[in-house]
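Reading the structure
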Amino acid sequence: MSDVLLLNGPNLGILGRREPEIYGTDTVRDIERAVGEEVAGRGWRVVARQHDCEGELIRTIQDSYDTVGAIINPGALMIAGWSLRDALANYPRPWMEVHLSNVWARESFRHESVLAPLASGVIVGLGALGYRLAARALVATVP
């Protein structure tokens with residue numbers, strides 16, 4: 001069996017309670033289950049981690065080079081997570097960047113991701129469905 005890394009950044013551990021009008025009511029566990037359903041047909045399992053600290057996110061990425069790919073919601077670290085960007089630049093597998101809200105429909109400081117140019121794909125504004133779509137993209141992308 002192969003693993004898919006599902007990595008969520010700062011403030012995403014409180015999904016379901018955090019501004020549900022923006023982020024929806026699905027919890028991190030709900031999202032983990034949904035991604036697991038999407039990748040199960042390939043015999044993959046989800047290794048899910050959520051960290052509020054950029055350093056822990058980096059360590060998780062560096063410890064996950066043997067995964068088949070990753071789905072990453074960096075949260076606000078998309079804006080200025082330069083060390084996270086460096087870690088992802090060295091990640092040897094395809095990965096998808098996901099954001100629950102449409103970042104371009106929000107405050108202007110959210111309109112640019114320093115990570116997106118490195119991602120295999122970016123999905124924004126579709127709520128928890130975006131994670132499922134990212135999982136489908138990985139299934140279609142990884143040989």
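A few points on the structure. Note that residues are indexed from 1 along each chain, following the sequence as it is written. Local features in this predicted model are restricted to residues whose pLDDT is 70 or higher, and side-chain atom pairs enter the listing and the counts only when it is 80 or higher, whereas totals over whole chains, interfaces and linings include all residues. Each side-chain value is derived from all of the structure's non-hydrogen atoms; neither hydrogens nor water enter the calculation.

**With respect to unusual backbone geometry**
In plain terms, the rule: Note on conventions: DSSP H or I runs of at least 4 residues are helices, E runs of at least 2 residues are strands, and numbering of each starts at the N terminus. For the exposure calls, accessible area comes from a 1.4 Å probe over protein chains only, and a residue counts as buried if that area is under 20% of its type's maximum, exposed if over 50%, partly exposed in between.
Despite not being glycine, Asn11 has its phi angle at roughly 70 degrees, a positive value. Tracing the backbone shows Asn11 in the loop between β1 (2–8) and α1 (20–23). A relative accessible area of 42% means that Asn11 is categorised as partly exposed. In this structure, Glu19 takes a positive phi of about 35 degrees despite not being glycine. Take Glu19: it is sitting in the loop between β1 and α1.

**A short note on the side chain of Asp3**
Cut-off, in case you're wondering: Pairs of N or O atoms are called polar contacts if they sit within 3.5 Å, as long as, within protein, a hydrogen donor faces a hydrogen acceptor (for residues adjacent in sequence, only side-chain-to-side-chain pairs). Two residues qualify as a contact provided that any one of their heavy atoms is within 4.5 Å of a heavy atom in the partner residue.
Position of Asp3 among the secondary structure elements: in strand β1. Classification of Asp3 as buried rests on a relative accessible area of 19%. Here Arg45 takes part through its side chain, which lies 2.6 Å from a polar atom of the side chain of Asp3. Ignoring anything within four residues of it in the chain, the contact list for Asp3 reads Arg45, Val47, Thr67, Val68 and Gly69.

**Concerning the pattern of salt bridges**
We apply this condition: Salt-bridge detection follows one rule: a side-chain nitrogen of Lys or Arg within 4 Å of a carboxyl oxygen of Asp or Glu.
This structure, assessed with the given rule, holds seven salt bridges. Residue Glu19 is joined to Arg18 by a salt bridge in which the shortest nitrogen-to-oxygen separation is 4.0 Å. As a salt-bridge pair, Arg33 and Asp30 come within 2.5 Å of each other at their nearest N and O atoms. With a gap of three residues between them, Arg33 and Asp30 both fall in helix α2 (residues 28–39), about one helical turn apart. By sharing partners, the salt bridges in this structure join Glu37, Glu38, Arg132 and Arg136 into a single network.

**Here we look at the nonpolar core**
Heads up, the condition is: Here, nonpolar core refers to any group of buried Ala, Val, Leu, Ile, Met, Phe, Trp, Tyr and Cys residues whose side-chain atoms link them within 4.5 Å.
In this structure, Leu15, Val35, Trp44, Ile71, Tyr131 and Leu138 are the most contacted members of the largest nonpolar core, which totals 21 residues. Among the secondary structure elements, those contributing two or more residues to this core are β1, α2, β4 (95–99) and α6 (129–141). Once you skip the residues sitting within four places of it in the chain, Leu138 turns out to touch Val4, Trp44, Gly69, Ala70, Ile71, Pro94 and Met96. Membership of the second largest hydrophobic core comes to 16 residues, among which are Leu57, Ile61, Ala70 and Leu84.

**With respect to α6**
For clarity, the threshold we go by: In this analysis, the expected span of each helix is defined as 1.5 Å times one less than the number of residues it contains. Taking the helix axis as origin, the arc is that swept by the directions to the C-beta atoms.
Given a rise of 1.5 Å per residue, 13 residues ought to cover 18 Å, and the 18 Å separating the end C-alpha atoms of α6 matches this to within 8%. For α6, every residue scored as buried is listed here: Gly130, Tyr131, Ala134, Ala135 and Leu138. What you see down the axis of α6 is that its buried residues fit within an arc of 140 degrees, all on one side. Those residues of α6 that are buried are in contact with β1, α2, β2 (44–50), β3 (69–73), β4 and β5 (121–124).

**With respect to the environment of Thr67**
Following the sequence through the fold, Thr67 ends up in the loop between α3 (54–62) and β3. Spatially, the C-alpha atom of Thr67 lies 16 Å from that of Ala119, the residues being 52 residues apart in sequence. For Thr67, the residues in contact, after removing those within four places along its chain, are Asp3, Leu5, Tyr91 and Arg93.

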